Amino acid sequence: VQGKRFRLRCFPKALERQIGMCGGADTMCSCCSGESHMPKVTLDPKAFTHVLTCVRADGRYHAAVTDRKDAEALPWGGTRRWSSEAVCRAYYKMDEALTIGWPEKGQIGRVVDVGAAPGGWSQCLLERGASHVTAIDPGEITEPAKSMQGLKHCQVKYQVCLPDLIARNQPYDMLVCDVNCAPTEVVAMLSDFLAVLRPGARFVITFKKFSPSGTCTVQKYKENKEEALGVLEGLCDSLTVRHLFNNTAEERTVFGTLKAVRG
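Residues numbered from 1 in each chain as written. Predicted model: local features only at pLDDT ≥ 70, side-chain atom pairs only at ≥ 80, totals over all residues. Heavy atoms only, no water.

Caption draft 1: The arrangement of the nonpolar core in detail. Core analysis: the biggest nonpolar cluster contains 32 residues, and L175, F193, L197, F203, I205 and L232 have the highest contact counts within it. Listing elements by their share of this core, those giving two or more residues are β6 (110-114), α5 (158-168), β9 (172-177), α6 (183-192), β10 (197-207), α7 (218-233) and β12 (252-258). Among the elements that line this core, the one with the most residues is β10, at five residues. Apart from residues no more than four positions distant in its own chain, L232 is found in contact with V187, L190, F203, I205, F207, L239 and V254. (Core = buried A, V, L, I, M, F, W, Y, C linked by side-chain atoms within 4.5 Å. Buried < 20%, exposed > 50% of the residue type's maximum accessible area, 1.4 Å probe, protein only. Helix = DSSP H or I, 4+ residues; strand = E, 2+ residues; numbered from the N terminus. Contact = heavy atoms within 4.5 Å.)

Have a look at this one:
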C-alpha cells in the first residue's frame, strides 16, 4: 500500500466511521493504526489512487481494492462522479436507476423532473444524455445543475406550471419524481402529467414511507404501495419495482413504461 491513497466506501454506511474515515487526507485507517502487523492505509476522499470497498453481511466482512480508473468507469462509457461533484446524494439514486433500467446513453430525450430541488436527478439525467430537463420545484436548483445546458427550472408547484406545459404541446419522453410523499400521491402526480407525456413514455419514481405527521406505519405503507401499484398496472405496458443500493431501507424505486396506446 506504499504510495497509495484510498477512498473508503462501505455498506452499511456507518462502517466508514468505524473503520476510520475522518474526512481528511493523511488519515490512517483506525483499524490499522497503533500496534498491528497490518500496513497502514492512507485515506483521502479526493486525491485517492484506489477505492477500498468494505461490506458487512451475515456477520462477516468483505473487502476489495479497485484502481481509481476502473472504479470510475461506467457501463455506458462515462465517468463516475464522487460526492464532491454531485449536487446531492440523490444523484446516485438516479445514476443507479438509469444503469439498471435504461443504460443506453443518449436515449433519454425530454424529461420532466417533478420535485427536482436541489437538482441531483436533473444533473444526472443531463449528464446521461437527456436533451432537455424541465425541473419543477419551488426550491432552488443549485450548481452545477443550475447552469447546465438543457435545464429549465420552473420554480413553482407543478399545479401552477402544468397548464402551460400542456398548452405548449411538446410531449416529454420521461417523467421522474423523488418527492417526499406517499406512493399513492406520487402516482396521482404521474397521472396529472399524462397529458404532457407521449404514449410509451418512461418514468422513474420513488416510493417512500412518508406521511406529513410522521405516523406512517409499516402496514399502512405496505397497503399504500399495493394501492399505488394497482393504479400503475392499469397505466403501464411494463412495470418493475427495485430496492436500489442507493435507496433507504424503506424506499423502493419504480420503473415503468406507459402504454403505447391509451384507451
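Caption draft 2: Spatial organisation of the sheet that holds β10. Ordered by their spatial adjacency, seven strands build an open sheet running β8-β7-β6-β9-β10-β12-β11, and the pairing between neighbours is mixed. Edge positions in the sheet fall to β8 (151-154) and β11 (236-242), since each of these pairs with one other strand and no more. Averaged over all adjacent pairs, the angle separating strand axes in this sheet is 15°, with direction ignored. Here β10 pairs with β12 via six bridges, running antiparallel. Along β12, the bridge assignment pairs T206 with T253. In the packing of α5 onto the sheet, contacts are made with β6, β7 (132-136), β8 and β9, and the angle to β7 comes to roughly 150°. (Pairing = 2+ DSSP bridges. Axes fitted to C-alpha atoms, helices over the stretch in contact; angles between N-to-C directions.)

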